[in-house]
Amino acid sequence: MDKIHAAILGASGYTGSELIRLLDRHPRFRLVHLAAHSHAGKQAGDVLPGLHDKLAALQLVHIDDPLPDDCQLVFAALPHGAAARTVARVLETGCRVIDLSADFRHQSPETYRQAYGTDHPYPHLLHTAIYGLTEWSRQRLPEARLVANPGCYPTSMLLPLIPLIRAGVLDEAPIIVDAKSGASGAGRSAKVELLFCELNESCRAYGLPRHRHSWEMEEWLAHFGGQPLRVRFVPHILPMNRGMLTTLHLSGRDASSWRDILQQNYANEPFVRLLPEGNLPSTASVAGSNRCDIGLSPLDNDECVVISCIDNLLKGAAGQAIQNANVMFGLDETCGLPDLPCWP
Ligand SMILES: NC(=O)c1ccc[n+]([C@@H]2O[C@H](COP(=O)([O-])OP(=O)(O)OC[C@H]3O[C@@H](n4cnc5c(N)ncnc54)[C@H](OP(=O)(O)O)[C@@H]3O)[C@@H](O)[C@H]2O)c1
(Lines give C-alpha, C1' and ligand atoms only; values in the text may rest on other atoms or scores of the structure.)
Protein backbone atom coordinates (compact mmCIF):
# COMPACT_ATOMS: atom_id res chain seq x y z
CA MET A 1 0.00 0.00 0.00
CA ASP A 2 1.33 3.49 -0.85
CA LYS A 3 2.50 5.47 2.11
CA ILE A 4 1.36 9.00 2.82
CA HIS A 5 4.24 11.43 2.45
CA ALA A 6 4.70 13.75 5.41
CA ALA A 7 6.96 16.64 6.39
CA ILE A 8 7.90 18.04 9.79
CA LEU A 9 8.66 21.75 10.00
CA GLY A 10 10.35 22.34 13.34
CA ALA A 11 11.96 18.90 13.43
CA SER A 12 14.76 20.08 15.75
CA GLY A 13 12.40 20.93 18.62
CA TYR A 14 10.80 18.78 21.30
CA THR A 15 7.45 18.19 19.62
CA GLY A 16 9.18 17.85 16.24
CA SER A 17 11.48 15.14 17.56
CA GLU A 18 8.53 13.33 19.14
CA LEU A 19 6.83 13.42 15.73
CA ILE A 20 9.93 11.88 14.19
CA ARG A 21 9.94 9.08 16.79
CA LEU A 22 6.28 8.24 16.19
CA LEU A 23 6.16 8.69 12.42
CA ASP A 24 9.31 6.64 11.87
CA ARG A 25 7.40 3.60 13.23
CA HIS A 26 4.06 4.52 11.67
CA PRO A 27 2.96 1.92 9.13
CA ARG A 28 1.18 4.40 6.82
CA PHE A 29 3.24 7.63 6.86
CA ARG A 30 6.67 8.19 5.35
CA LEU A 31 8.82 11.11 6.43
CA VAL A 32 10.04 12.89 3.30
CA HIS A 33 11.15 16.29 4.62
CA LEU A 34 12.58 17.55 7.92
CA ALA A 35 13.05 21.28 8.35
CA ALA A 36 14.52 23.51 11.06
CA HIS A 37 15.32 27.17 11.64
CA SER A 38 18.69 27.90 13.32
CA HIS A 39 19.77 24.28 12.85
CA ALA A 40 18.98 24.23 9.12
CA GLY A 41 21.83 22.73 7.09
CA LYS A 42 22.90 20.28 9.82
CA GLN A 43 22.36 16.56 9.81
CA ALA A 44 19.47 15.41 12.00
CA GLY A 45 21.83 13.18 13.98
CA ASP A 46 23.94 16.19 15.00
CA VAL A 47 20.92 17.95 16.49
CA LEU A 48 18.78 15.15 17.94
CA PRO A 49 20.08 12.38 20.18
CA GLY A 50 19.55 8.69 19.59
CA LEU A 51 18.38 8.60 15.98
CA HIS A 52 19.08 5.43 14.02
CA ASP A 53 21.58 5.80 11.19
CA LYS A 54 19.08 6.35 8.38
CA LEU A 55 17.34 9.20 10.21
CA ALA A 56 20.60 10.62 11.58
CA ALA A 57 21.95 11.04 8.06
CA LEU A 58 19.00 13.17 6.89
CA GLN A 59 19.73 16.83 6.38
CA LEU A 60 17.55 19.40 8.11
CA VAL A 61 16.55 21.85 5.40
CA HIS A 62 15.30 25.38 6.15
CA ILE A 63 11.67 25.96 7.04
CA ASP A 64 11.30 28.28 4.03
CA ASP A 65 12.70 25.72 1.56
CA PRO A 66 10.16 24.28 -0.90
CA LEU A 67 8.38 21.08 0.04
CA PRO A 68 8.80 17.98 -2.14
CA ASP A 69 6.08 17.86 -4.82
CA ASP A 70 4.75 14.57 -3.44
CA CYS A 71 4.29 15.86 0.12
CA GLN A 72 0.70 15.35 1.29
CA LEU A 73 0.77 16.43 4.93
CA VAL A 74 2.82 18.94 6.88
CA PHE A 75 3.19 18.88 10.64
CA ALA A 76 4.13 22.43 11.66
CA ALA A 77 5.86 22.31 15.06
CA LEU A 78 6.98 25.93 15.20
CA PRO A 79 6.71 28.68 17.82
CA HIS A 80 3.41 30.54 17.84
CA GLY A 81 3.72 33.75 15.89
CA ALA A 82 6.28 32.20 13.52
CA ALA A 83 3.98 29.36 12.48
CA ALA A 84 1.20 31.41 10.82
CA ARG A 85 3.28 32.65 7.90
CA THR A 86 4.69 29.19 7.16
CA VAL A 87 1.28 27.52 7.46
CA ALA A 88 -0.29 30.06 5.08
CA ARG A 89 2.48 29.45 2.54
CA VAL A 90 2.14 25.65 2.78
CA LEU A 91 -1.64 25.78 2.34
CA GLU A 92 -1.11 27.60 -0.96
CA THR A 93 0.79 24.57 -2.26
CA GLY A 94 -2.33 22.43 -1.73
CA CYS A 95 -0.73 20.40 1.05
CA ARG A 96 -2.75 19.68 4.21
CA VAL A 97 -1.41 21.00 7.50
CA ILE A 98 -1.58 20.09 11.17
CA ASP A 99 -0.33 23.08 13.12
CA LEU A 100 0.88 22.31 16.63
CA SER A 101 1.22 25.98 17.52
CA ALA A 102 -1.53 28.25 18.84
CA ASP A 103 -1.72 30.35 15.67
CA PHE A 104 -4.97 28.88 14.34
CA ARG A 105 -6.64 27.75 17.57
CA HIS A 106 -9.03 30.71 17.79
CA GLN A 107 -12.00 31.25 15.57
CA SER A 108 -12.10 35.01 15.96
CA PRO A 109 -9.28 37.49 15.28
CA GLU A 110 -10.43 39.47 18.33
CA THR A 111 -9.92 36.52 20.71
CA TYR A 112 -6.52 35.88 19.16
CA ARG A 113 -5.57 39.51 19.75
CA GLN A 114 -6.68 39.35 23.39
CA ALA A 115 -4.71 36.17 24.02
CA TYR A 116 -1.56 37.00 22.06
CA GLY A 117 -1.52 40.80 22.19
CA THR A 118 -1.16 41.25 18.46
CA ASP A 119 -3.32 41.15 15.34
CA HIS A 120 -3.52 37.86 13.50
CA PRO A 121 -1.61 38.11 10.18
CA TYR A 122 -4.06 35.85 8.31
CA PRO A 123 -7.47 36.40 9.94
CA HIS A 124 -9.31 34.99 6.90
CA LEU A 125 -7.75 31.56 7.62
CA LEU A 126 -8.95 31.30 11.22
CA HIS A 127 -12.40 30.03 10.29
CA THR A 128 -10.97 27.43 7.95
CA ALA A 129 -9.10 25.62 10.75
CA ILE A 130 -10.60 22.62 12.54
CA TYR A 131 -9.73 22.52 16.23
CA GLY A 132 -8.31 19.02 16.55
CA LEU A 133 -9.40 17.75 19.95
CA THR A 134 -9.85 14.38 18.28
CA GLU A 135 -12.49 12.86 20.56
CA TRP A 136 -14.78 15.84 19.92
CA SER A 137 -13.72 16.83 16.39
CA ARG A 138 -13.27 13.59 14.51
CA GLN A 139 -16.32 14.01 12.29
CA ARG A 140 -14.89 17.20 10.75
CA LEU A 141 -11.32 15.99 10.32
CA PRO A 142 -11.61 13.95 7.10
CA GLU A 143 -12.34 17.14 5.13
CA ALA A 144 -9.88 19.37 6.96
CA ARG A 145 -7.15 21.21 5.07
CA LEU A 146 -5.86 22.87 8.23
CA VAL A 147 -6.05 21.37 11.72
CA ALA A 148 -5.22 23.47 14.76
CA ASN A 149 -3.81 20.96 17.22
CA PRO A 150 -4.97 21.90 20.74
CA GLY A 151 -2.61 23.14 23.41
CA CYS A 152 -1.45 20.66 26.04
CA TYR A 153 -3.08 22.45 28.98
CA PRO A 154 -6.40 22.90 27.13
CA THR A 155 -6.38 19.21 26.11
CA SER A 156 -5.88 18.10 29.71
CA MET A 157 -8.79 20.19 31.01
CA LEU A 158 -11.23 19.99 28.08
CA LEU A 159 -11.37 16.20 27.97
CA PRO A 160 -12.75 15.79 31.53
CA LEU A 161 -14.81 18.97 31.46
CA ILE A 162 -16.73 18.79 28.20
CA PRO A 163 -18.95 15.83 29.21
CA LEU A 164 -19.77 17.45 32.55
CA ILE A 165 -20.71 20.75 30.94
CA ARG A 166 -22.85 19.02 28.34
CA ALA A 167 -24.63 17.12 31.11
CA GLY A 168 -25.51 20.48 32.70
CA VAL A 169 -24.25 19.52 36.16
CA LEU A 170 -21.71 22.31 36.74
CA ASP A 171 -22.31 25.61 38.52
CA GLU A 172 -21.67 28.81 36.65
CA ALA A 173 -18.90 29.75 39.09
CA PRO A 174 -15.43 30.12 37.51
CA ILE A 175 -13.69 26.79 37.01
CA ILE A 176 -10.42 26.53 38.89
CA VAL A 177 -7.76 24.83 36.79
CA ASP A 178 -4.57 24.08 38.72
CA ALA A 179 -2.10 22.51 36.30
CA LYS A 180 1.51 21.29 36.41
CA SER A 181 3.75 20.64 33.44
CA GLY A 182 7.14 19.07 32.87
CA ALA A 183 9.86 21.32 31.46
CA SER A 184 9.59 20.03 27.88
CA GLY A 185 6.32 21.96 27.73
CA ALA A 186 8.39 25.13 27.42
CA GLY A 187 10.23 23.95 24.31
CA ARG A 188 13.91 23.44 23.58
CA SER A 189 15.17 26.98 23.11
CA ALA A 190 17.58 28.26 25.78
CA LYS A 191 15.99 30.24 28.61
CA VAL A 192 17.52 31.12 31.99
CA GLU A 193 14.41 30.04 33.92
CA LEU A 194 14.76 26.56 32.40
CA LEU A 195 18.35 25.98 33.53
CA PHE A 196 18.84 22.91 35.74
CA CYS A 197 19.50 24.95 38.90
CA GLU A 198 16.45 27.14 38.34
CA LEU A 199 14.13 24.14 37.88
CA ASN A 200 15.52 21.36 39.99
CA GLU A 201 14.08 20.88 43.51
CA SER A 202 11.56 23.59 42.83
CA CYS A 203 8.03 24.25 41.62
CA ARG A 204 6.62 27.61 40.58
CA ALA A 205 3.59 29.17 38.97
CA TYR A 206 3.97 31.28 35.85
CA GLY A 207 1.97 33.08 33.19
CA LEU A 208 -0.22 35.00 35.66
CA PRO A 209 -2.51 36.87 35.85
CA ARG A 210 -4.02 35.32 32.73
CA HIS A 211 -2.08 32.73 30.77
CA ARG A 212 -2.84 32.78 27.02
CA HIS A 213 -4.30 29.26 27.16
CA SER A 214 -7.18 30.62 29.30
CA TRP A 215 -8.79 32.07 26.18
CA GLU A 216 -8.39 28.79 24.32
CA MET A 217 -9.98 26.89 27.22
CA GLU A 218 -12.95 29.25 27.44
CA GLU A 219 -13.53 29.36 23.69
CA TRP A 220 -13.60 25.58 23.26
CA LEU A 221 -15.47 24.87 26.49
CA ALA A 222 -18.24 27.09 25.14
CA HIS A 223 -18.03 25.51 21.69
CA PHE A 224 -18.10 21.85 22.71
CA GLY A 225 -19.97 22.25 25.99
CA GLY A 226 -22.53 24.78 24.79
CA GLN A 227 -22.19 26.93 27.90
CA PRO A 228 -19.82 29.89 28.39
CA LEU A 229 -17.84 29.47 31.60
CA ARG A 230 -15.01 31.49 33.10
CA VAL A 231 -11.71 29.77 33.79
CA ARG A 232 -9.19 30.58 36.50
CA PHE A 233 -6.10 28.84 35.22
CA VAL A 234 -2.80 28.68 37.09
CA PRO A 235 0.00 26.74 35.34
CA HIS A 236 3.09 25.50 37.21
CA ILE A 237 6.37 24.08 35.99
CA LEU A 238 7.88 20.99 37.62
CA PRO A 239 11.40 19.53 37.45
CA MET A 240 10.48 16.57 35.25
CA ASN A 241 11.02 16.10 31.54
CA ARG A 242 7.50 15.36 30.41
CA GLY A 243 4.02 15.01 31.82
CA MET A 244 1.10 17.19 32.80
CA LEU A 245 -1.24 16.88 35.77
CA THR A 246 -4.33 19.08 35.83
CA THR A 247 -6.55 19.39 38.89
CA LEU A 248 -10.03 20.82 38.39
CA HIS A 249 -11.87 22.12 41.46
CA LEU A 250 -15.52 21.91 40.47
CA SER A 251 -18.86 22.62 42.06
CA GLY A 252 -22.29 21.66 40.80
CA ARG A 253 -25.01 19.21 41.62
CA ASP A 254 -25.08 15.49 42.18
CA ALA A 255 -21.30 15.07 42.07
CA SER A 256 -21.62 11.38 42.88
CA SER A 257 -23.06 10.87 39.36
CA TRP A 258 -20.17 12.52 37.51
CA ARG A 259 -18.19 9.30 37.23
CA ASP A 260 -21.08 7.75 35.29
CA ILE A 261 -21.25 10.76 32.99
CA LEU A 262 -17.57 10.47 32.13
CA GLN A 263 -17.83 6.71 31.76
CA GLN A 264 -20.74 7.01 29.32
CA ASN A 265 -18.82 9.50 27.19
CA TYR A 266 -15.47 7.80 27.12
CA ALA A 267 -16.16 4.06 27.50
CA ASN A 268 -15.23 3.40 23.86
CA GLU A 269 -12.42 5.90 23.48
CA PRO A 270 -9.03 4.28 22.89
CA PHE A 271 -7.02 7.07 24.47
CA VAL A 272 -9.21 8.35 27.33
CA ARG A 273 -9.32 6.18 30.41
CA LEU A 274 -11.47 6.74 33.48
CA LEU A 275 -9.70 5.25 36.49
CA PRO A 276 -11.59 3.02 38.93
CA GLU A 277 -13.01 4.61 42.06
CA GLY A 278 -10.31 5.35 44.62
CA ASN A 279 -7.55 5.62 41.97
CA LEU A 280 -6.06 8.92 40.89
CA PRO A 281 -3.87 9.45 37.83
CA SER A 282 -0.15 10.17 37.77
CA THR A 283 2.12 11.55 35.08
CA ALA A 284 4.28 8.39 35.23
CA SER A 285 1.31 6.24 34.19
CA VAL A 286 0.86 8.10 30.90
CA ALA A 287 4.43 9.20 30.01
CA GLY A 288 5.27 8.05 26.50
CA SER A 289 1.67 7.11 25.74
CA ASN A 290 -1.07 8.98 23.90
CA ARG A 291 -3.50 8.46 26.79
CA CYS A 292 -5.40 10.86 28.97
CA ASP A 293 -6.12 9.30 32.36
CA ILE A 294 -8.91 10.81 34.46
CA GLY A 295 -9.70 10.24 38.12
CA LEU A 296 -12.23 11.93 40.33
CA SER A 297 -12.99 12.31 43.97
CA PRO A 298 -16.35 13.78 45.00
CA LEU A 299 -15.89 15.88 48.15
CA ASP A 300 -19.60 16.03 48.90
CA ASN A 301 -22.72 16.21 46.77
CA ASP A 302 -21.87 19.71 45.52
CA GLU A 303 -18.14 19.58 45.01
CA CYS A 304 -15.69 17.34 43.25
CA VAL A 305 -12.01 17.26 42.39
CA VAL A 306 -11.30 15.91 38.91
CA ILE A 307 -7.70 15.15 37.94
CA SER A 308 -6.38 14.39 34.47
CA CYS A 309 -2.92 13.39 33.29
CA ILE A 310 -1.40 13.43 29.83
CA ASP A 311 2.07 13.38 28.35
CA ASN A 312 2.38 16.96 27.10
CA LEU A 313 4.43 15.78 24.11
CA LEU A 314 2.01 12.97 23.16
CA LYS A 315 -1.71 13.57 23.80
CA GLY A 316 -0.73 17.22 24.41
CA ALA A 317 1.04 17.64 21.06
CA ALA A 318 2.65 15.09 18.69
CA GLY A 319 0.48 12.10 19.66
CA GLN A 320 -2.78 13.97 19.21
CA ALA A 321 -1.43 15.43 15.93
CA ILE A 322 -0.91 11.88 14.61
CA GLN A 323 -4.31 10.79 15.97
CA ASN A 324 -5.77 13.67 13.93
CA ALA A 325 -3.69 12.74 10.88
CA ASN A 326 -4.97 9.16 11.08
CA VAL A 327 -8.57 10.41 10.99
CA MET A 328 -7.84 12.92 8.21
CA PHE A 329 -6.51 10.14 5.98
CA GLY A 330 -9.13 7.53 6.85
CA LEU A 331 -6.77 5.32 8.88
CA ASP A 332 -7.46 3.53 12.13
CA GLU A 333 -7.32 6.33 14.70
CA THR A 334 -4.89 4.41 16.92
CA CYS A 335 -2.46 3.57 14.12
CA GLY A 336 1.17 4.07 15.16
CA LEU A 337 0.28 5.46 18.58
CA PRO A 338 1.40 3.97 21.92
CA ASP A 339 -1.33 3.41 24.50
CA LEU A 340 1.02 2.09 27.16
CA PRO A 341 3.48 4.25 29.08
CA CYS A 342 7.23 3.77 29.25
CA TRP A 343 7.23 2.88 32.92
CA PRO A 344 9.01 3.09 35.31
N1 LIG B 1 6.36 21.33 24.08
C2 LIG B 1 5.12 20.99 24.29
O3 LIG B 1 4.80 20.22 25.22
C4 LIG B 1 4.02 21.52 23.41
C5 LIG B 1 2.72 21.04 23.61
C6 LIG B 1 1.67 21.52 22.79
C7 LIG B 1 1.98 22.47 21.82
N8 LIG B 1 3.24 22.94 21.68
C9 LIG B 1 3.48 23.93 20.64
O10 LIG B 1 4.20 23.30 19.57
C11 LIG B 1 5.08 24.24 18.97
C12 LIG B 1 6.50 23.66 19.01
O13 LIG B 1 6.84 23.49 20.37
P14 LIG B 1 8.22 22.82 20.82
O15 LIG B 1 8.08 22.60 22.29
O16 LIG B 1 8.56 21.70 19.94
O17 LIG B 1 9.23 24.03 20.57
P18 LIG B 1 10.82 23.97 20.45
O19 LIG B 1 11.35 22.76 21.10
O20 LIG B 1 11.33 25.29 20.91
O21 LIG B 1 11.07 23.83 18.86
C22 LIG B 1 10.73 24.90 17.99
C23 LIG B 1 11.06 24.53 16.55
O24 LIG B 1 10.76 25.67 15.74
C25 LIG B 1 11.95 26.16 15.13
N26 LIG B 1 12.00 27.64 15.27
C27 LIG B 1 12.43 28.34 16.32
N28 LIG B 1 12.29 29.67 16.10
C29 LIG B 1 11.76 29.79 14.88
C30 LIG B 1 11.40 30.90 14.08
N31 LIG B 1 11.55 32.15 14.49
N32 LIG B 1 10.88 30.67 12.86
C33 LIG B 1 10.73 29.40 12.43
N34 LIG B 1 11.06 28.31 13.16
C35 LIG B 1 11.57 28.50 14.36
C36 LIG B 1 13.11 25.52 15.85
O37 LIG B 1 14.17 25.37 14.92
P38 LIG B 1 15.73 25.48 15.40
O39 LIG B 1 15.87 24.60 16.58
O40 LIG B 1 16.48 24.97 14.20
O41 LIG B 1 15.99 26.92 15.67
C42 LIG B 1 12.52 24.20 16.31
O43 LIG B 1 12.60 23.25 15.28
C44 LIG B 1 4.95 25.54 19.76
O45 LIG B 1 4.08 26.41 19.10
C46 LIG B 1 4.37 25.08 21.08
O47 LIG B 1 3.60 26.08 21.73
C48 LIG B 1 4.27 22.47 22.44
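**Digging into the site of the ligand**
(1) Moving on: The environment of the ligand is made up of 30 residues, and the closest members are Gly-13, Ala-36, Ser-101, Gly-187 and Arg-188.
(2) Moving on: Counting only elements with at least two residues in the shell around the ligand, the list comes to α1 (14-24) and α12 (314-328).
(3) Moving on: Considering only residue class, the shell around the ligand consists of 12 nonpolar, 17 polar and 1 charged.
(4) Moving on: When we break the shell around the ligand down by domain, the ones giving at least three residues each are domain 1 (4-150 + 315-328) and domain 2 (153-312).

**Comments concerning the environment of Tyr-112**
(1) Moving on: In this structure, Tyr-112 sits in helix α5 (residues 109-116).
(2) Moving on: When neighbours within four sequence positions are excluded, Tyr-112 is seen to be in contact with His-106, His-120 and Leu-126.

**A closer look at the nonpolar core**
Taken as a class, soluble globular proteins show a tendency for nonpolar side chains to be buried jointly.
(1) Moving on: Ile-8, Phe-75 and Ala-76 are the most contacted members of the largest nonpolar core, which totals 98 residues.
(2) Moving on: Per-element accounting of this core gives the leading share, 9 residues, to helix α8 (residues 152-166).
(3) Moving on: In terms of domain composition, this core takes at least three residues from each of domain 1 (4-150 + 315-328) and domain 2 (153-312).
(4) Moving on: Those residues in contact with Ala-76 that lie beyond four places of it in its chain are Leu-9, Gly-10, Ala-83, Thr-86, Val-87, Val-97, Asp-99, Leu-100 and Ser-101.

**Remarks on the packing of α8 against α12**
The packing of two helices is summarised by the inter-axis angle and the distance between the axes.
(1) Moving on: Two elements in contact, α8 and α12, have axes separated by 8 Å at closest approach and are oriented at 95°. As the angle between them shows, α8 and α12 are arranged roughly perpendicular. Contacts from Cys-152, Thr-155 and Ser-156 in α8 reach Lys-315, Gly-316, Ala-317 and Gln-320 in α12.
(2) Moving on: For the contact of α8 with α12, the class distribution of residues is 2 nonpolar, 4 polar and 1 charged.

**Here we look at the sheet that holds strand β10 (residues 231-238)**
Across a sheet, paired strands are connected by hydrogen bonds in the backbone, their directions being either parallel or antiparallel.
(1) Moving on: The sheet built from 7 strands is open, its strands ordered β9-β10-β8-β11-β14-β13-β12 with mixed pairing. Of all strands in the sheet, those with a lone pairing partner are β9 (204-205) and β12 (272-274), marking the two edges.
(2) Moving on: The pairing of β9 with β10 spans 2 bridges and is classified as antiparallel. Pairing of Ala-205 across the sheet is with His-236, part of β10.

**Examining α1**
(1) Moving on: For α1, the tally of buried residues reaches 9 of 11 residues, placing the bulk of the element in the interior.
(2) Moving on: Residues of α1 that are buried in the fold lie against β1 (4-9), β2 (29-36), α3 (53-56), β4 (73-76) and α12.

**Overview of the sheet that holds β1**
(1) Moving on: Taking strand neighbours across the sheet as the criterion, the 7 strands line up as β3-β2-β1-β4-β5-β7-β6 in an open arrangement whose pairing is parallel. Pairing within the sheet leaves two strands with one partner each, and these edge strands are β3 (61-62) and β6 (129-131).
(2) Moving on: Against the sheet, α12 makes contact with β4, β5 (96-99) and β7 (146-148), and its axis sits at roughly 155° relative to β5, the strand it touches most.

**Overview of the domain arrangement of the protein**
(1) Moving on: What the domain assignment reports for the protein is domain 1 (4-150 + 315-328) and domain 2 (153-312).
(2) Moving on: Taken together, the 21 residues of domain 1 in the interface contact 25 residues of domain 2.
(3) Moving on: Taken together, the elements giving at least two residues each to the side of domain 1 that touches domain 2 come down to α5, α7 (134-137) and α12.
(4) Moving on: Sort the elements by how many residues they give to the side of domain 1 that touches domain 2 and α12 lands first, with 6 residues.
(5) Moving on: Taken together, the residues that form the side of domain 1 that touches domain 2 break down as 9 nonpolar, 9 polar and 3 charged.

**Quick look at the environment of Trp-136**
(1) Moving on: Considering the arrangement of structural elements, one finds Trp-136 in helix α7.
(2) Moving on: If near-sequence neighbours (up to four positions away) are discounted, Trp-136 is found in contact with Ile-162 and Phe-224.

**Here's the deal with the pairing of β4**
(1) Moving on: Burial along β4 is two-sided: Leu-73 and Phe-75 facing one way and Val-74 and Ala-76 facing the other are all buried.
(2) Moving on: Bridge count for β1 against β4 is 4 bridges, and the pairing is parallel. Bridging across to β4, Leu-9 finds its partner in Ala-76.
(3) Moving on: Inspection of the sheet shows β4 paired to β5 by 4 bridges, in the parallel sense. In the strand pairing of β5, Val-74 is matched with Val-97.
(4) Moving on: In this fold, the crossover linking β4 to β5 by way of helix α4 (residues 83-92) has right-handed handedness.

The rules behind each value
Residues numbered from 1 in each chain as written. Predicted model: local features only at pLDDT ≥ 70, side-chain atom pairs only at ≥ 80, totals over all residues. Near = placed C-beta within 6 Å. Helix = DSSP H or I, 4+ residues; strand = E, 2+ residues; numbered from the N terminus. Nonpolar A, V, L, I, M, F, W, Y, C, P; charged D, E, K, R; others polar. Domains from an automatic or database assignment. Contact = placed C-beta atoms within 7 Å. Core = buried A, V, L, I, M, F, W, Y, C linked by C-beta atoms within 7 Å. Buried ≥ 20, exposed ≤ 12 C-beta atoms within 10 Å, placed from the backbone. Axes fitted to C-alpha atoms, helices over the stretch in contact; angles between N-to-C directions. Parallel < 35°, antiparallel > 145°, perpendicular 65-115°, else oblique. Pairing = 2+ DSSP bridges. Right-handed = clockwise from strand over helix to strand, strands pointing away.

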